[in-house]
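Secondary and tertiary structure notes
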Amino acid sequence: PCLPCDHLINDPYLGHTQCENFTSERDTLNKIFVDTGGEFWKNSTNWKSEAPICSWQGILCENGNAQDAEGITSIRLDNNGLTGTLPSEVWTLPALRYLSLQKNPNLVISFNGLGHAAATLEVLALSETGLRSLKGISAASSLKELHVTGNRIKGTFPDELFALSQSLESLH
């Protein structure tokens, strides 16, 4: 049955039947900051502040206006000293198309919950991170570009990548 989701009054997706634990884009970014050692990042301008989230270092929003408070389409935190584990909440950002966390070798990344971003996520740039497995990557059905060089992935070429053959244009 449909349940009321008070925090998703303006949910952009018609037909949701669950609230799915999504809070807000600001809360998700704050969790990323805390879980990845944000206080030690090389550049954390505006993070954990009252400034509009679209003005935070490495965050881009739909129309490019830094004064916006929602609509994250891109997170670019390359070589920024992220450590710890990327929280799975990142995959719940409703408009996320581009995620680049390259050159953060002490950042652990997993694809648990990636299915939430399946319809929007087009580019994943995760080279030289703590990525150890591609398990769950097949959930990103709109993925066009995947960068995973310089990681600790071991074993045979994962079958999950073949599930992306209809969308994936570039694999590094």
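Nothing here was measured: the structure is a model prediction, and the numbers come from that model.

Definitions and cut-offs
Residues numbered from 1 in each chain as written. Predicted model: local features only at pLDDT ≥ 70, side-chain atom pairs only at ≥ 80, totals over all residues. Heavy atoms only, no water. Helix = DSSP H or I, 4+ residues; strand = E, 2+ residues; numbered from the N terminus. Buried < 20%, exposed > 50% of the residue type's maximum accessible area, 1.4 Å probe, protein only. Contact = heavy atoms within 4.5 Å. Areas by Shrake-Rupley, 256 points an atom, 1.4 Å probe, with all protein chains shown as cover. pLDDT = per-residue confidence, 0-100. Patch = residues over 30% accessible without salt bridge, like charges linked within 9 Å, V, L, I, M, F, W, Y side chains within 5 Å. Salt bridge = Lys/Arg side-chain N within 4 Å of Asp/Glu carboxyl O. Disulfide = S-S within 2.5 Å. Polar contact = N/O pair within 3.5 Å; in protein donor to acceptor, adjacent residues only side chain to side chain. Pairing = 2+ DSSP bridges. Phe/Tyr/Trp six-rings, centres within 6.5 Å; stacked < 30°, edge-to-face > 60°. Lys NZ or Arg CZ within 6 Å of the ring centre and 35° of its normal.

**With respect to the overall build of the chain**
Along the chain, the regular secondary structure elements total 1 helix and 8 strands. Going from N to C terminus, the chain has its helices and strands arranged as α-β-β-β-β-β-β-β-β. Classification of the 172 residues of the chain by burial places 40% in the buried group. Contacts in the chain between residues at least 24 apart in sequence constitute 44% of all its contacts with a sequence separation of at least 6. For the chain, the exposed area adds up to about 9400 Å²; of that, 50% sits on carbon and sulfur atoms.

**Here's the deal with the environment of Y98**
Inspection of the secondary structure puts Y98 in strand β4 (residues 98-100). Residue classification places Y98 among the partly exposed positions, given a relative accessible area of 25%. Separated by 25 residues in the primary sequence, Y98 and T73 place their C-alpha atoms 6.4 Å from one another. Excluding residues within four positions of it along the chain, Y98 makes contact with T73, S74, I75, R76, L121 and V123.

**Considerations on the confidence of the model for the chain**
In this model, the chain carries an average pLDDT of 87, and 87% of its residues clear a pLDDT of 70 or more. When the elements of the chain are averaged for pLDDT, strand β8 (residues 170-171) gives the smallest value, 94, and strand β5 (residues 107-108) the largest, 98.

**A closer look at a nonpolar patch on the surface**
A contiguous nonpolar patch, built from F157, F162 and L171 and spanning about 320 Å² of accessible area, is present on the exposed surface. One can find L171 in strand β8. Assessed through its relative accessible area of 41%, L171 is described here as partly exposed.

**A closer look at the state of the cysteines**
Note on terminology: disulfide describes a covalent bond linking the sulfur atoms of two cysteines. Counted according to the given criterion, the structure contains 1 disulfide. Note on cysteine connectivity: C54 is disulfide-linked to C61, with sulfurs 1.9 Å apart. In this structure, the disulfide formed by C54 and C61 twists by about -90 degrees around the S-S bond and is classed as left-handed. The same class applies to C54 and to C61, which are both buried.

**As for the side chain of T129**
Take T129: it is sitting in the loop between β6 (123-125) and β7 (145-147). Reaching out from T129, the side chain makes a polar contact with the backbone oxygen of L126 at a distance of 2.9 Å. Not counting residues up to four positions away in its chain, the partners in contact with T129 are L101, Q102, N104, P105, L107, I109, G150 and N151.

**Thoughts on the sheet that holds strand β1 (residues 59-61)**
Across the sheet, which stays open at both edges, the 6 strands sit in the order β1-β2-β4-β6-β7-β8 with mixed pairing between neighbours. The outermost strands of the open sheet, each flanked by one partner alone, are β1 and β8. The pairing of β6 with β7 spans 3 bridges and is parallel. Its bridge partner being in β7, V123 is matched across the sheet by E145.

**Remarks on the packing of aromatic side chains**
All chains considered together, the criterion is met by 5 aromatic pairs. Consider the rings of F33 and W47, whose centres lie 6.1 Å apart with planes at 20 degrees: the pair is stacked. With F33 in helix α1 (residues 25-35) and W47 in the loop between α1 and β1, the pair connects residues that are 14 residues apart, well separated along the chain. Accessibility classification places F33 together with W47 in one group, the buried group. A ring pair is formed by W47 and W56, whose centres lie 5.2 Å apart and whose planes are at 45 degrees; its orientation type is tilted. When sorted by exposure, W47 lands in the same class as W56, which is buried. Put simply, the rings of F33, W41, W47 and W56 touch in pairs and so form one group of aromatic residues. A cation sits over an aromatic face here: R76 above Y98, 4.0 Å from the ring centre.

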